[in-house]
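# Structure assessment
What follows is the residue order along each chain.
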Amino acid sequence: MKRKLALGAALSASALLAGAIQVSAGTAQAAPAPVVGQQRAALLAQAAGAAPAAARALGLGSQERLVVKDVVADADGSRHLRYERTYGGLPVLGGDLIVHQDARGAVKSVDRAISGTLALSGLSPRLSAAQAAEQAGASVRATLGAVKDADEPALVSVDRTGTAELVVWATSGSPRLAYRTTVEGMRADGTPSSQVLVTDAATGELLSSHEGVQTANAAGTGNGVFVGTVGLTTNFTGSTYELKDNTRGGQYTVTLNNKQGGSGTLYTDADNAWGTGTVASGQSAAVDAQFGAAATWDFYKNTFGRSGIRNDGVGAYSRVHYGRNYVNAFWSDSCFCMTYGDGASNTHPLTELDVAGHEMTHGVTANTAGLNYSGESGGLNEATSDILGSMVEFSANLAKDNPDYLIGELIDINGNGTPLRYMDKPSKDGRSADYWSSGVGSLDVHYSSGVANHFFYLLAEGSGAKTVNGVSYNSPTSNGATLAGIGRDKAQQVWYRALTVYMTSTTDYKAARTATLNAASDLYGSGSAEYNAVAATWTAVNVT
Ligand SMILES: [Zn+2]
């Protein structure tokens, strides 16, 4: 089924293949060596035993108790006993303290948030727990969609309000009865939210609120199907690692578990080592996808100063394990996500790096030139994805994925080891056009793209036989011209500037020639060697 042309921003999904189904390093930072096992248990037991005496020494009232929370032992035998406080059995917020002891157990000093004895008039709240929970939920719902600070994406849903728990508030002001309520929801980037609110048990006044989900960037390692062993920036929630990269727009990878839709399940992992390098582990394809997203992010950032697909700093997410035996991958503007099938027999995932770069480049095109996905503009749209997707591959320069001008050379989509497409001579796939002709716009966009792919190869590398990174090419010209090429770095700058500054939704091959000449003129000067090379290269693919 061919994709219908969608005008405007409605349905938009661009697949890798023609004839596709279209659907709408190292470990985490080491903490100071913790006191472990029996030694820690013994220290905690000692601190618990010492609690009543400590409470007396501190002058705490008869309603107050100390509950041991942690003990830190120094090499010289000094100890630091951390206690929480209760009042009438209720937790005292702000009642925590630390008793510092020397090696003989003598108290050297005490650090505490509040001093003196707590005294409350009673332990009966005026508001019920149900009333307090309702107030807390309403208070959080009132913040839906609001952005408080740049690092914290807006809350997009409130999913559950927990039971309000009676506590003593002693953090600020006069100590009083309060309720502590947890309200769970979701933030715009997919991060779960768990806000803890403290409200006055008599008046309902909001005393404090804080986000309970704390995230930290961690350095994980991945072993993908195609990328091999790579570093991944992941997110540590405090209890588990998420396959989510907050240093690159919060982009993350989910599994669809062979379903054909939905937002999937975020990958999490206990040890921050992901995948095994084979498809037997479902995480391996996820490593490829997540690394591909990172490499694409870095390519656009480092090469063009572009911050994400929309240039707004927001990362797209990736979905792997789409459907069953699905031999394709696609980009969708509506979910702002990439999706990968598992290929033939569910054992040949489509998660190769140039495919990732290809799909996300569809997003860049949608947010820039908006090239209509049919006719010659559709061929230019597909070619833009092949061109810049290949440049992502060169930019990542992986040992296990030798950079080349072949598209999908590792995924064995044809079952005989051949790539999906060839940029040096597109007709090697048996379908694509090497040169422009008046009928080229009636080809499927995955074949009319050949003219622009060929143009880009020739502009970067020149004509004739050439070996790049051990891969042999032999690129012809329609007019017999011999071209030298201006190199990948310059060629990609010309293409990107043309895409983002001069091409429109209806740009055809003739207009693409003009757009790239304008770009070359801006970058290198009209009449420069680069400008002349762009002109000569279009002529060599019969775009005049
Ligand atoms: Zn495509």
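- Per an unreviewed UniProt entry, the protein is named Neutral metalloproteinase, and its organism is Kitasatospora sp. CMC57.
- What UniProt states about the protein under its Cofactor (unreviewed entry) heading is, verbatim, "Zn(2+)".

### Side note on the UniProt feature "active site" (unreviewed entry) in the protein
- Following the UniProt record, one finds the feature "active site" (unreviewed entry) at Glu359 and His446. For the residues just named, distributed over 88 residues, the greatest C-alpha separation is only 13.2 Å, placing them together at one site.
- Within the secondary structure layout, glutamate 359 lies in helix H4 (residues 353–366).
- Here histidine 446 is to be found in helix H6 (residues 445–448).
- By relative accessible area, which is 3% here, histidine 446 ends up buried.
- At 2.7 Å, the side chain of histidine 446 forms a polar contact with the side chain of aspartate 444.

### A look at the packing of helix H9 (residues 509–524) against helix H10 (residues 529–540)
- Interhelical geometry of H9 versus H10 gives an angle of 165 degrees and a closest axis separation of 8 Å. Comparing the axis directions of H9 and H10 gives the class roughly antiparallel. Handedness of the crossing formed by H9 with H10: right-handed. In this structure, H9 contributes Tyr509, Ala512, Arg513, Thr516, Leu517, Ala520, Ser521 and Tyr524 to the contact, and H10 contributes Glu530, Tyr531, Val534, Ala535, Trp538 and Thr539.
- Here the residues of the contact of H9 with H10 sort into nine nonpolar, three polar and two charged.

### Looking at the sheet that holds strand E12 (residues 216–223)
- With mixed pairing, five strands are arranged side by side in an open sheet as E18-E14-E13-E12-E19. Whereas interior strands pair on both sides, the edge strands pair on one side only; in this sheet they are strand E18 (268–269) and strand E19 (273–274).
- Pairing of strand E14 (residues 241–242) with E18 involves two bridges; the strand directions are antiparallel. Among the inter-strand pairings, glutamate 242 is bridged to a residue of E18, identified as threonine 268.

### Some details on the confidence of the model for the protein
- Summary statistics for the protein give a mean pLDDT of 88 and a share of 91% for residues scoring 70 or more.
- Counted against residues more than four places away or in other chains, residues 1–12, with its pLDDT under 50, gives 19 contacts.

### Comments concerning the pairing of strand E21 (residues 329–332)
- Side chains of E21 alternate between two faces, with Ala329 and Trp331 and Phe330 and Ser332 buried alike.
- Both E21 and strand E22 (residues 337–341) contribute to a ladder of four bridges, which runs antiparallel. Bridge pairing links tryptophan 331 to methionine 338 in E22.
- A loop of four residues connects E21 with E22, the two strands running antiparallel in sequence, and phenylalanine 336 in this loop sits at a positive phi of about 50 degrees.

The rules behind the values
- Residues numbered from 1 in each chain as written.
- Predicted model: local features only at pLDDT ≥ 70, side-chain atom pairs only at ≥ 80, totals over all residues.
- Heavy atoms only, no water.
- UniProt positions renumbered as here; feature names shortened; annotations may be inferred.
- Helix = DSSP H or I, 4+ residues; strand = E, 2+ residues; numbered from the N terminus.
- Buried < 20%, exposed > 50% of the residue type's maximum accessible area, 1.4 Å probe, protein only.
- Polar contact = N/O pair within 3.5 Å; in protein donor to acceptor, adjacent residues only side chain to side chain.
- Axes fitted to C-alpha atoms, helices over the stretch in contact; angles between N-to-C directions.
- Parallel < 35°, antiparallel > 145°, perpendicular 65-115°, else oblique.
- Left-handed = near helix turned anticlockwise from the far one by under 90°.
- Contact = heavy atoms within 4.5 Å.
- Nonpolar A, V, L, I, M, F, W, Y, C, P; charged D, E, K, R; others polar.
- Pairing = 2+ DSSP bridges.
- pLDDT = per-residue confidence, 0-100.

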